[in-house]
Amino acid sequence: LPGLSRWQRLAGSALCVLLAALCFGLAALCAPLLLLRARKFALLWSLGSLLALGAAALLRGPARL
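Residues numbered from 1 in each chain as written. Predicted model: local features only at pLDDT ≥ 70, side-chain atom pairs only at ≥ 80, totals over all residues. Heavy atoms only, no water.

For the chain, an unreviewed UniProt entry supplies the name Vesicle transport protein and the organism Mionectes macconnelli. Of the chain, the UniProt comment under Function (unreviewed entry) reads exactly: "May be involved in fusion of retrograde transport vesicles derived from an endocytic compartment with the Golgi complex." Its UniProt record gives the chain the following Sequence similarities (unreviewed entry) comment, quoted word for word: "Belongs to the SFT2 family." (UniProt positions renumbered as here; feature names shortened; annotations may be inferred.)

Caption draft 1: The packing of aromatic side chains, seen in detail. Within this structure, the stated rule accounts for 2 aromatic pairs. Taking 5.9 Å as the distance between ring centres and 20° as the angle between the ring planes, the aromatic pair formed by F41 and W45 counts as stacked. Here the residue F41 and the residue W45 both occupy positions in helix α2 (residues 38-60), the gap between them amounting to 4 residues, near one helical turn. Judged by its relative accessible area of 44%, W45 is partly exposed. (Phe/Tyr/Trp six-rings, centres within 6.5 Å; stacked < 30°, edge-to-face > 60°. Helix = DSSP H or I, 4+ residues; strand = E, 2+ residues; numbered from the N terminus. Buried < 20%, exposed > 50% of the residue type's maximum accessible area, 1.4 Å probe, protein only.)

Caption draft 2: Inspection of the environment of L59 at higher detail. Mapping L59 onto the fold places it in helix α2. Accessibility expressed as a relative area gives 48% for L59, which makes it partly exposed. Between the C-alpha atoms of L59 and G12, which are 47 residues apart in sequence, the distance is 8.6 Å. Residues contacting L59, with those up to four places away along its chain left out, are L10 and S13. (Contact = heavy atoms within 4.5 Å.)

Caption draft 3: Up close: the nonpolar core. C16, A20, C23, L51, A55 and L58 form the largest nonpolar core, which has 6 residues in total. Elements that contribute at least two residues to this core include exactly α1 (6-30) and α2. The residues touching A20, leaving out its near neighbours within four places in the chain, are G48, L51 and A52. (Core = buried A, V, L, I, M, F, W, Y, C linked by side-chain atoms within 4.5 Å.)

This is the structure in structure tokens:
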């Protein structure tokens, strides 16, 4: 992603943060039913974590060696 402009990276990062918040919120709604819907909770929490990491990676950009 080295060809992205600053605004494109900010917009992509904001989108990832919003989607991560949505996933974490849905996972929190499944938390009381954790024994019955453990798979759904784990999937939403993992997806939220990946999206949050993706947002940070978009903001940081590629590493320069």
